[in-house]
Amino acid sequence: MTLFIAALVSGIGLGAMYGLVALGFQITYSVCSRVNFAQGSMVMLGAVLGYVLSERAGLPVIVAYPLALAGCALMGIVVEFCLIRPFAMRNSDAWLMATVAGGILLDNVVLFTFGNEPRSLPSPLVETSWQIFGTGVYPQQILIPVVAIGLAFALQLLFRRTRQGRALLAVVQNPEAARLMGINTTAMISGSFALSSMLAGAAGLLIAPLLSVHSDMGTLFGIKAFAVAILGGMTSAWGVMLAGFLYGLVEAYVTTFLGSSYTYVVVFGMLIAVLAVKPNGLFGTAALRKV
Amino acid sequence: MPLRFPLSRRTLLAGAAAITFATTLPAQAQEDPVKIGLVAALSGQSAKSGEAITRGITLALDKINGEGGVLGRPLELVSRDDESNPGKGLIAARELVQREEVAALIGGLDTPVSLAIVPFANEAQVPFIGPWAAGTPITKNGAEQNYVFRVSAVDEFVDEAITEYLVSEYGAQKPGMILINNPWGESNEKGLMMALEKRGMEHAGVEKFESNDVDVVPQLTRLRENGADGLFLVANVAPSAQVVKSLDRMGWDVPIASHWGPAGGRFTELAGPGGEKVHFIQTFLFTDTAHPLFVKLQEMFPEIETLADVTPATGIANAYDATLLLAAAIEKAGSTEGPAIRQAMYEISGVEGVIKTYDTPFTPEDQDALGPEDYVFSQFVDGQIVPLTD
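Residues numbered from 1 in each chain as written. Chains lettered and ligands numbered in written order. Predicted model: local features only at pLDDT ≥ 70, side-chain atom pairs only at ≥ 80, totals over all residues.

Considering the overall build of chain A
Then, number 1: Helices and strands together make up the secondary structure of chain A, namely 11 helices and two strands.
Then, number 2: Listed by position from the N terminus, the elements making up chain A come as α-α-α-α-β-β-α-α-α-α-α-α-α.
Then, number 3: Its C-alpha atoms give chain A a radius of gyration of 19 Å, near enough to 19 Å, the size a compact globule of 291 residues would have.
Then, number 4: Structurally, chain A occupies a C-alpha span of about 60 × 50 × 35 Å along its principal axes.
Then, number 5: For chain A, restricting intrachain contacts to residue pairs at least 6 apart in sequence, the fraction spanning at least 24 positions comes to 75%. (Helix = DSSP H or I, 4+ residues; strand = E, 2+ residues; numbered from the N terminus. Rg over C-alpha atoms; globule rule 2.2 N^0.38 Å. Contact = placed C-beta atoms within 7 Å.)

Shown next as structure tokens:
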């Protein structure tokens, strides 16, 4: 029973983080069929900026964290402008490699400027743990799924209720028509990358107190989150979020009941099996390919 | 028509060359220095280790050269960065031997880099001394003419020492292992298994984790459910901190005996107060600022202010002693030829290092100068590494 509950708590916490980062992949993919493979580095950037602004510059958290998120958004715009747009305009797929390279570049710039020693981002929510059913939970671990689901709802509202959101949806449905209707598609695509990076940055700020802040903290997250986005079906926001929870839970349960040596074998084996049966992911819909 | 002495570029160059030659002449008259090559991580994640080794060697060279050098010649350090990359380390070692003509090589933190240099050192017949990397096969490399020596901890002995520690200090009967998922973790899994087998003990499981894993609770819960009454921890600073945080969250208070991974500067900042519960091995510790070597360190490196600035001191002390042993061997050999130095390594005795006085530190059967009896169990208290007193 303890094992079961412990795995449940770990799984939901991890799953929410994967889902949040994966949501970033989903947003840009829906809007322009492209993703930022440096998403893992955006997770790191959020945490590093948060640390530098709050711990080194001494700003209060309520100022520092929004600034950190704004920094991530700005970086998202830069990535789209420098690493995606030039290739997209020429119909080249090189943006794929360009964003991977951009991520490595960012990791190394942070390594040189931030330093190579991992640092700790304090949070009052990890100081004491609550004991539930024989296992401990940090309040921070509860906060993560709450914020993740909250953000997913907020995105939903943004898309359905605001003018910009509807415009974004219009771009998703038919970019050509949207442009003819006077929607600035370029700005919309740019905005989607800003939003995507901001979500990753938020995930970084949420994870940092549980982990430590260093230049390659996001790498593994980026890879897992991409797997989650594929699993969830790339096109459905709630699908991606659900896939995140599913992935986190499977990972935690496999580790708990089979042992950590099997975690990646089983998790990625299952991922391949799922994609073999449902090539568009668990919740995705088949895209029409116009020839 | 005025007489002109055109200062052509050629004349200028010739003049400059003449001046240069003239100024180097007195130096040429003296003996050439004996060069020692260092191949270590001077940049990247492990740069701090390279810095510690460099400091240790620099202190030793200062002492040796102050006393007249070796064979009447000064010792000189030539450093190369391996960036923790085995390929780059091997290239650097080759360049140092073939172009710089170093008399011996000193290695760095990373076991894979050292393992890449070992065959080359044996083949080129150049003594290679490790002041840090603990991988067992570095010195036990099976070469008939083994040129590899070490003044550091050895995985095999560390595993034996931490097993003994858990058994004798805490009466552990069924310890569990939580190891980083890389060759270092793997190497220690073997060593720990051997140590447990020797005592006819069983284990509560072997769990691995990644260096970026946020949550190690599932692995640890398994070990707890299997009845682990002690933990072996093998991982670097940040991942070790993740284990401690997960233990804290579970509210599981269990004795932890660890390899020297946590001995980076900021372990307790990352792990929180629970980090003080981790007991790990070191080969050397500064216990107070009045230690003569620490005073020397501060003199030569003014950026060092407190004991916390030289964590881990292990790298400095190992490199310091390694350099002294090497210098003694060169002096004894009466030559800078590899085979002669190697032979002399087996003959030196009574060399006073900072860790201990070395009497016959090396034999052809055991090319490791330090053994389990030299390990100090220690813990973090207020951000400083202190020896365990009991």
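A few points about the overall build of chain B
Then, number 1: From N to C terminus, chain B includes 12 helices and 14 strands.
Then, number 2: Along the three orthogonal principal directions, the C-alpha set of chain B runs to about 105 × 50 × 40 Å.
Then, number 3: When the 390 residues of chain B are sorted by exposure, 51% land in the buried category.
Then, number 4: Looking at chain B alone, contacts between residues at least 24 apart form 69% of all its contacts between residues at least 6 apart. (Buried ≥ 20, exposed ≤ 12 C-beta atoms within 10 Å, placed from the backbone.)

A few points about the interface of chain A and chain B
Then, number 1: On the side of chain B, 28 residues touch chain A, which itself brings 31 residues to the contact.
Then, number 2: Mapped by element, the contributors of at least two residues to the side of chain A that touches chain B are α1 (2-32), β2 (135-137), α9 (219-232) and α10 (237-257) of chain A.
Then, number 3: When residues in the side of chain A that touches chain B are grouped by element, the largest group, seven residues, is from α1 of chain A.

Let's talk about the nonpolar core
Then, number 1: Ala47 of chain A together with Leu105 and Leu325 of chain B are the most contacted members of the largest nonpolar core, which has 208 residues in total.
Then, number 2: In terms of residues, this core owes the most to one element, α1 of chain A, which gives 17 residues.
Then, number 3: Once residues within four sequence positions are removed from consideration, Ala47 of chain A is found in contact with Leu121, Gly204, Leu205, Ile207, Ala208, Val213 and Met217 of chain A. (Core = buried A, V, L, I, M, F, W, Y, C linked by C-beta atoms within 7 Å.)

Considering the pairing of strand β7 (residues 206-209) of chain B
All names here are of chain B.
Then, number 1: Where strand β6 (residues 176-180) and β7 come together, four bridges link them in parallel fashion. Its bridge partner lying in β7, Ile178 is registered against Glu207.
Then, number 2: Between β6 and its parallel partner β7, the chain crosses via helix α6 (residues 183-198), and the hand of that crossover is right-handed. (Pairing = 2+ DSSP bridges. Right-handed = clockwise from strand over helix to strand, strands pointing away.)

Brief notes about the confidence of the model for chain A
Then, number 1: Overall, the prediction assigns chain A a mean pLDDT of 88, with 98% of residues at 70 or greater.
Then, number 2: Per-element confidence in chain A is highest for helix α2 (residues 39-56) of chain A, whose mean pLDDT is 95, and lowest for β2 of chain A, whose mean pLDDT is 80. (pLDDT = per-residue confidence, 0-100.)

What to know about unusual backbone geometry
Residues and elements named next belong to chain B.
Then, number 1: Of note in the backbone geometry, Glu83 takes a positive phi value of approximately 50° without being a glycine.
Then, number 2: The exposure class assigned to Glu83 is buried, which follows from the 20 C-beta atoms found within 10 Å.
Then, number 3: Positive phi outside glycine occurs at Thr360, with the angle close to 45°.
Then, number 4: Within the fold, Thr360 resides in the loop between β12 (357-359) and β13 (376-381).
Then, number 5: On the basis of neighbour counts, which here come to 13 C-beta atoms within 10 Å, the residue Thr360 falls in the partly exposed class.

Some words on the packing of helix α11 (residues 313-333) of chain B against helix α12 (residues 338-345) of chain B
Residue and element names in this part refer to chain B.
Then, number 1: One way to put it is that α11 packs onto α12 with a least axis distance of 8 Å and a crossing angle of 110°. Considering the angle they form, α11 stands roughly perpendicular to α12. When the axes of α11 and α12 are compared, the crossing they make is right-handed. Facing Ala329, Ile330, Lys332 and Ala333 of α11, the residues of α12 in contact are Ala340, Ile341, Gln343, Ala344 and Met345.
Then, number 2: In the contact of α11 with α12, the residues fall into seven nonpolar, one polar and one charged. (Axes fitted to C-alpha atoms, helices over the stretch in contact; angles between N-to-C directions. Parallel < 35°, antiparallel > 145°, perpendicular 65-115°, else oblique. Left-handed = near helix turned anticlockwise from the far one by under 90°. Nonpolar A, V, L, I, M, F, W, Y, C, P; charged D, E, K, R; others polar.)

Topic: the sheet that holds strand β14 (residues 384-387) of chain B
All names here are of chain B.
Then, number 1: Pairing is mixed across the open sheet formed by seven strands, whose spatial order is β7-β6-β8-β9-β10-β13-β14. Lying at the two open borders of the sheet, with one neighbouring strand each, are β7 and β14. Along the sheet, successive strands turn relative to each other by an average axial angle of 30°, direction set aside.
Then, number 2: Here four bridges tie β13 to β14, and the two strands are oriented antiparallel to one another.

Quick notes on the sheet that holds strand β1 (residues 34-40) of chain B
Residue and element names in this part refer to chain B.
Then, number 1: Spatial ordering of the open sheet is given by β2-β1-β3-β4-β5, a layout of five strands whose pairing is parallel. Two strands close off the open sheet at either side, each with one partner strand: β2 (75-81) and β5 (148-150). Neighbouring strand axes in the sheet, compared pairwise and without regard to direction, differ in orientation by 25° on average.
Then, number 2: When strand β4 (residues 128-130) meets β5, the two strands line up parallel, connected through three bridges. When the sheet's bridge partners are listed, Gly130 is paired in β5 with Arg150.

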